Amino acid sequence: MPTGGKKAAKVTKEPVKKPVKKTAAVKKAASKPPQVSKPTKEESRTALVRRARRINRELAEVYPYAHPELDFENPFQLLVATVLSAQTTDLRVNQTTPALFAKYPTPEDLAAANPEEVEEILRPTGFFRAKTKSVMGLSKALVADFGGEVPGRLEDLVKLPGVGRKTAFVVLGNAFGRPGLTVDTHFQRLVRRWRWTDATEPDKIEADVAALFPKSDWTMLSHHVIFHGRRICHARKPACGACPIAPLCPAYGEGETDPEKAKKLLKYEKGGFPGQRLKPPQAYLDAGGKPAPPLGAG
């Protein structure tokens, strides 16, 4: 393969032909923010739906193994892990929950736990006192109101302490197979960059994006978008020059457009780093992904 110049990249990489052509224009028009796109402003509703669905199809090809990056074996574990993932990484949660679930495997066990002992286990996740109250509180509610079982309805899940719509949809989509959109920070950032919505409130973003796709696509769409946000389309410096959907993105140029420099910004398996799960799905391992190290591993 050619190594280096933009001409080589333009000739050999079909997916980035259009962005590479734009690179020179972006550099010349430095005074104009590259994320402002005239075609997108004039885009019809039909064109928006088509572009959004094409982006999802392209991401599905790039991340055929996309999955929730929290380790879990049952709905209760996923519910607790998702609550614990607030303001920390899925990796840190995955490194912490084995000890928690080994000692408190059921809602009954966690509801009756000594708070100080739970706090000590959860300390690595940050905000461990508040999180202890949340997971113990939701465990007590599960025991008192649902017979120790995690409910499979949105209206029941959001009544639990520390559980909002985002957490509820993670559980519904991945533990019960019921479609839902996970509107986390990555999802919000990307769908706004792609001009799928201009909303800033999670509920409005959820409604706008849901209207672009059939309900059956919602759960996997969430995984595709979040995978892409964590690996390529970063918050501060997206790797535009290494992005497989660059020709479809109105925010192309907001990040590094040089292909070689962009490659250095890639994270997780695309950058040679381990994935977030200690026990990732087999499809992820078959694709070359690596399990994350346990807590305390070098």
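Small disclaimer: the values here were computed from a predicted structure and weren't measured.

(A) Empty space enclosed by the protein, seen in detail. All chains considered together, the criterion is met by one cavity of 30 Å³ or more. If you add up the space inside the largest cavity, you get close to 100 Å³. Around the largest cavity, the lining comprises 14 residues; the ones closest to its centre are Cys233, Pro238, Cys240, Cys243 and Cys249. Taken together, the residues that form the lining of the largest cavity break down as twelve nonpolar, one polar and one charged.

(B) Main features of the pattern of salt bridges. On inspection of all chains with the given rule, the structure shows 16 salt bridges. Linking glutamate 69 and arginine 231 is a salt bridge whose minimum nitrogen-to-oxygen distance equals 2.8 Å. Residue glutamate 69 is found in the loop between α4 (45–62) and α5 (75–84), and its partner arginine 231 is found in helix α14 (residues 218–231); the two are separated by 162 residues along the sequence. Both residues of the pair, glutamate 69 and arginine 231, belong to the buried class. One salt-bridge network, held together by shared partners, links Glu69, Asp90, Arg230 and Arg231.

(C) Seen up close, the environment of proline 281. Mapped onto the elements of the fold, proline 281 is located in the loop between α15 (259–263) and α16 (282–286). Among the residues examined, proline 281 registers a relative accessible area of 28% and is labelled partly exposed.

(D) Structural context of the state of the cysteines. Using the criterion set out here, one finds zero disulfides in the structure. Note on cysteine 233: no disulfide assigned, nearest cysteine sulfur contributed by cysteine 249 at a separation of 6.1 Å. On the basis of relative accessibility, which here comes to 9%, the residue cysteine 233 falls in the buried class. A disulfide-free cysteine, cysteine 240 has its sulfur positioned 6.5 Å from the sulfur of cysteine 249, the nearest such atom.

(E) The nonpolar core, seen in detail. In this structure, Leu181, Phe187, Trp194, Trp196, Val209 and Phe213 are the most contacted members of the largest nonpolar core, which totals 39 residues. Of all elements in the fold, only α4, α12 (185–193), α13 (202–210) and α14 reach the threshold of two or more residues within this core. Among the elements that make up this core, the one with the highest residue count is α4 (five residues). Excluding residues within four positions of it along the chain, tryptophan 196 makes contact with Leu48, Arg51, Ala52, Ile55, Val191, Asp208, Val209, Leu212, Phe213 and Leu221. Membership of the second largest hydrophobic core comes to 32 residues, among which are Ala81, Leu122, Leu142 and Val150.

(F) Molecular detail of the packing of aromatic side chains. Under the criterion given, the structure shown has six aromatic pairs. Note on tyrosine 65 and tyrosine 284: the rings are 5.6 Å apart at their centroids and 70° apart in plane angle, and the pair reads as edge-to-face. Linking tyrosine 65 in the loop between α4 and α5 with tyrosine 284 in helix α16, this pair joins segments that are 219 residues apart in sequence. Given a relative accessible area of 10%, tyrosine 65 falls into the buried group. Looking at tyrosine 284, the relative accessible area reads 2%, which means it is buried. Measuring from centroid to centroid gives 5.3 Å for tryptophan 196 and phenylalanine 213, while their planes differ by 55°, and the two rings are tilted. With a gap of 17 residues between them, tryptophan 196 in the loop between α12 and α13 and phenylalanine 213 in the loop between α13 and α14 connect regions that are remote in the sequence. On the accessibility criterion, phenylalanine 213 (5% relative accessible area) is buried. Site record: aromatic cluster; members linked through ring pairs are Tyr63, Tyr65, Phe227 and Tyr284.

(G) The packing of helix α8 (residues 115–122) against helix α9 (residues 128–146), seen in detail. Two numbers describe how α8 lies on α9: the axes approach to 9 Å, and their chain directions differ by 120°. In terms of axis orientation, α8 runs oblique to α9. Crossing of α8 against α9: the hand is right-handed. When α8 is examined against α9, the residues Pro115, Val118, Glu119 and Leu122 are found in contact with a partner set consisting of Phe128, Arg129, Lys131, Thr132, Val135 and Met136. Class assignment for the residues of the contact of α8 with α9 results in six nonpolar, one polar and three charged.

Criteria and cut-off values
- Residues numbered from 1 in each chain as written.
- Predicted model: local features only at pLDDT ≥ 70, side-chain atom pairs only at ≥ 80, totals over all residues.
- Heavy atoms only, no water.
- 1 Å grid on protein atoms, 1.4 Å probe; cavity = no way out; pocket = protein on both sides within 12 Å on 5 of 7 lines; lining within 4 Å.
- Points joined across faces, edges and corners; volume = space filled by probe spheres on them.
- Nonpolar A, V, L, I, M, F, W, Y, C, P; charged D, E, K, R; others polar.
- Salt bridge = Lys/Arg side-chain N within 4 Å of Asp/Glu carboxyl O.
- Helix = DSSP H or I, 4+ residues; strand = E, 2+ residues; numbered from the N terminus.
- Buried < 20%, exposed > 50% of the residue type's maximum accessible area, 1.4 Å probe, protein only.
- Disulfide = S-S within 2.5 Å.
- Core = buried A, V, L, I, M, F, W, Y, C linked by side-chain atoms within 4.5 Å.
- Contact = heavy atoms within 4.5 Å.
- Phe/Tyr/Trp six-rings, centres within 6.5 Å; stacked < 30°, edge-to-face > 60°.
- Axes fitted to C-alpha atoms, helices over the stretch in contact; angles between N-to-C directions.
- Parallel < 35°, antiparallel > 145°, perpendicular 65-115°, else oblique.
- Left-handed = near helix turned anticlockwise from the far one by under 90°.

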